[in-house]
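Understanding the architecture of this molecule
Next come the chains, spelled out residue by residue.
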Amino acid sequence: MFPRFRPPRSRRGAPPRIIRYALAAFLLFIFLPGLVAPIASWLWFKDLGFARVYELSYTARLLLGAIAGLFALIFLRVNLSVALRGGVTGPRVVEVGKFDLVGTARRVLGPATWFIAVIIGIISSGAWLLVLRFLHPTAFGAVDPVFGRDVSYYVFTMPVITALLRLLTALTVMSLVMATFVHAFRRDINLIRGAASIEGRARMHIAVLVALLFVLTAVRLVFVRMPGLLYSNTGPLVGASYANLHGSLLGMRLAAVAALVGAVIVLVGARGPRLLRSIITATAIYAAVWIVAVGIYPALVNRFVVAPNELSKETPQLTRHIAATRRAWGLDSVVTRDLTGEARLTEKDIVGNRETVDNIRVWDRDPLLQTFGQLQEIRTYYDFISVDDDRYHIDGRYRQVLLSPRELNPRSLPTRTFINERLTFTHGMGLTLGPVNESTAEGLPVLFVKDLPPVSTVSMKVTRPEIYFGEMTNSWVVANTGQREFDYPSGDENVYTSYQGKGGIQVGSWPRRLLFAMYFRSMKVLLSSDITNQSRVMYIRNVLERAQTALPFLMFDSDPYLVIDDSGRLVWILDAYTRTTRYPYAQPLANGINYMRNSVKVVIDAYDGSTTAYIADPHDPLVQTLSKIFTGIFHPLDEMPVDLRAHLRYPEAMFRAQSDLYATYHMDEPATFYHREDQWQKPGPIPNEEQTHDPFLRHNIMRLPGEKNAEYIYMVPFTPRGKDNLASWMVARNDAPHYGELVVYRLPKQSLVYGPNQIVNRINQDTAISTLLTLWDQHGSDVVWGNLLVIPIEESLIYVQPIYLRAQGGRIPELKRVVVAYQNQVVMGETLEAAITLLFRGEAASASEVPAGTEAPLQTASVANLVRSASDIYQRAIEAQRAGDWARYGTELQRLGEVLKQLQSASAKP
């Protein structure tokens, strides 16, 4: 009645469809997690516009790993095959009892060669950038003085040769060990009365491998060890010393010849029955030549030739070392200017340098960061983590400012749920910005930009204050979802917003949502109804991590800084370095780097995370090579918006390294350098200070000696080694058209210019200052000393040190006094202006220094300032008396007496 059911026909032996599906699902389950991270990374790079970096690096890794692994597999398999074929008797089975030794060796070593090849492929893939740089070299235009090769050979070619020789040597050693075991299992190697007898084919196989090791040793000596002498530190310098050039170099050449002779001896010995004796003979010859020619002879040259006449013998090498170090670190372009040190500052000089004086910083980063944290964080989940220096034209004036972004700290949220951490609290809000030199009557910083939403009291505005990408944004979030995003608090209520930018990756289809759920290991991404196809996933939001991920071949400065562009958007600027450890004869840092350039500036928008890399040093060969490899990634600096270029600054790590080296390498005469006759050093730490930053590495706006306009500079002073007086000071210029120029101002050696520690000693010895600070310390307050600042004015220097007062247990330092020192004079005022007025109250009244007719107005102005100061102090003393604050009353009376003495002195001058 009914047709009989017949199952579908299939090929004989084919598994049922359900089994195939199950197998496919199992394989997908096994391998899919391994594909999630690469796909998510590719989407991130593509969204950022850096897909070429990811695709090229990934392709280069795979290709290089495959080539190296395949080469290793062929090399090992060929040697294994030759060994398994046996000696003159041909293939045979060797058994111990019923155990087949050769068969076991084949079954074990066969898979082992595959395993070793895979490991070698994985390790070799890490050298992808070395190979790409080798294929796209750029000449440095400088040659090493020993072998006459361009520096590019050592930077781009030599590392690849070194890696290739290591690979060949490792494969040869592994093949030799493997072949020896196999031949021993086959009994092609026999021990007869203590001597080894090796069959003909096995003898030749082992001889070829040993000879290859000798040849590789010779090649390594010529192409690696001999050029490596250019990085030697066995003499009084980094680089090839006299003993290296006249001892080690000759010895290595002889050792290379000995290695080649050893290879010949081994191959010739393979024809006879005594191969082992030939190997021992060749090894002994090479070892003897190495010990004598490379070990003993250079030591004798150093002991009996160099040591008694080290300076004369090493002078040519010292000249090379100094020149190479100065070139590698950009010190050969430092401009030096000599100051007379005889000019005496007057009030006229102060007036003529108002831009310098008006930008002397009385606020340091650490006290200001504490103050921002107490006054401007507003809510517990906001944090200020750093304070940056910058400069702006504000209301027609060139002002130096300190600013700090207000970032969101997810760890401080009141409730840490998925919705709060990932969908609602997604961004920080605005920044706090103020001048470096102003304070309120209460001793707190004046703020130009403050509060939430950011309010500006000056001409600069913040139109896009949201910070989705910053220094604290270490977590991923999803924007533009069904949940409103918290924007900022407003009284007892909160203001919410919805993301309108293009930052992050659009969720789109269901497979992408599944991908992100697996990538972030959160099923809530897959199940949340608030996340739509239009939502945008933002990850790798930390600006430093973002830049390092996008440009992994660059080294980044650890201090990104925030800029307000002309449109009011917040933008991060990061400094990136190209570097190498392969510059011949150059002095390295502690991390081995002996060449570095600030070749790239990276700009990251704080709202949408867009990232752009600009070439800041187009003459750097390393960045030129990177531009050839990663075409289209780097942009000329001229394409950076003009308003952002105005905020570029010389990077701290670069200036620190250059200034450290210049303290020694300003001596370009070999004899002076050898004896360290004029070595400088940075001043030591100031005992009073509590700051964590380098106290003498500071940005300032000032008019440099001999220049017409004030400019933004980075400055560090130097003292002679072992001395406290000032020897010179170095600046890095930040403003166009002089950006990147390094200038050193040298003070005369025959006259004394007080250094920072000497000034601190004078401040500590001042009875009025020490008495006041002692009183403060006894009344429930902590005195916090600010950074001692070295301020060049004309051809002289003044020192400025702010003093803060902080209640015990409190976290808001208040600026209470400013100490100003000049030569052997030290004064203290409630403000910087007051202290400078006290210091230069009548110094400009000499007719020999100023035009006729100008003395009286200047002298009158000084007297008037002192009268006002005396009146103010008197009123404060009366207020203290009425309040019963007798300590303050005594202090004010003491200050009044000092001002009256100064007034008497000023009035007595003609």
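Residues numbered from 1 in each chain as written. Predicted model: local features only at pLDDT ≥ 70, side-chain atom pairs only at ≥ 80, totals over all residues. Heavy atoms only, no water.

Some remarks on the nonpolar core
Grouped together as the largest cluster of nonpolar side chains are 90 residues, with contacts concentrated most on Tyr583, Phe655 and Met730. The biggest single contributor to this core is helix α5 (residues 151-185), with 12 residues. Beyond its immediate stretch of four places on either side in the chain, Tyr583 contacts Phe140, Ala142, Val151, Tyr231, Ala324, Arg327, Ala328, Asn594 and Tyr595. In this structure, Leu431, Leu554, Ile573 and Leu648 belong to the second largest nonpolar core, which totals 83 residues. (Core = buried A, V, L, I, M, F, W, Y, C linked by side-chain atoms within 4.5 Å. Buried < 20%, exposed > 50% of the residue type's maximum accessible area, 1.4 Å probe, protein only. Helix = DSSP H or I, 4+ residues; strand = E, 2+ residues; numbered from the N terminus. Contact = heavy atoms within 4.5 Å.)

Points about the packing of aromatic side chains
A complete count under the given rule lists 38 aromatic pairs for this structure. Their ring planes at 80° and their centres at 5.4 Å tell us that Phe520 and Tyr539 sit as a pair that is edge-to-face. Here Phe520, found in helix α14 (residues 510-520), pairs with Tyr539, found in the loop between β19 (536-538) and α16 (543-550); they are 19 residues apart in sequence, far enough to count as distant. Tyr539 matches Phe520 in its accessibility class, with the two residues each being buried. Within the aromatic cluster, the residues linked to one another by ring pairs are Phe418, Trp476, Phe516, Tyr519, Phe520 and Tyr539. Arg484 extends its terminal NZ or CZ atom over the ring of Tyr496, reaching a point 4.2 Å from the ring centre. The cationic tip of Arg676 hangs over the ring face of Phe673; the distance from NZ or CZ to the ring centre is 4.3 Å. (Phe/Tyr/Trp six-rings, centres within 6.5 Å; stacked < 30°, edge-to-face > 60°. Lys NZ or Arg CZ within 6 Å of the ring centre and 35° of its normal.)

Quick word on the pattern of salt bridges
Applying the stated rule across the entire model yields 24 salt bridges. Linking Arg416 and Glu421 is a salt bridge whose minimum nitrogen-to-oxygen distance equals 3.2 Å. Residue classification places Arg416 among the partly exposed residues on the basis of a relative accessible area of 48%. The class for Glu421 is buried, based on a relative accessible area of 15%. One salt bridge connects Asp605 with Arg569, and the closest N-O pair in it is separated by 3.0 Å. Within this pair, whereas Asp605 is found in strand β23 (residues 595-605), its partner Arg569 is found in the loop between β21 (561-564) and β22 (570-580), the two being separated by 36 residues in sequence. Each of Arg337, Glu707, Glu711, Arg733 and Glu741 takes part in salt bridges that share partners, so that together they form one network. (Salt bridge = Lys/Arg side-chain N within 4 Å of Asp/Glu carboxyl O.)

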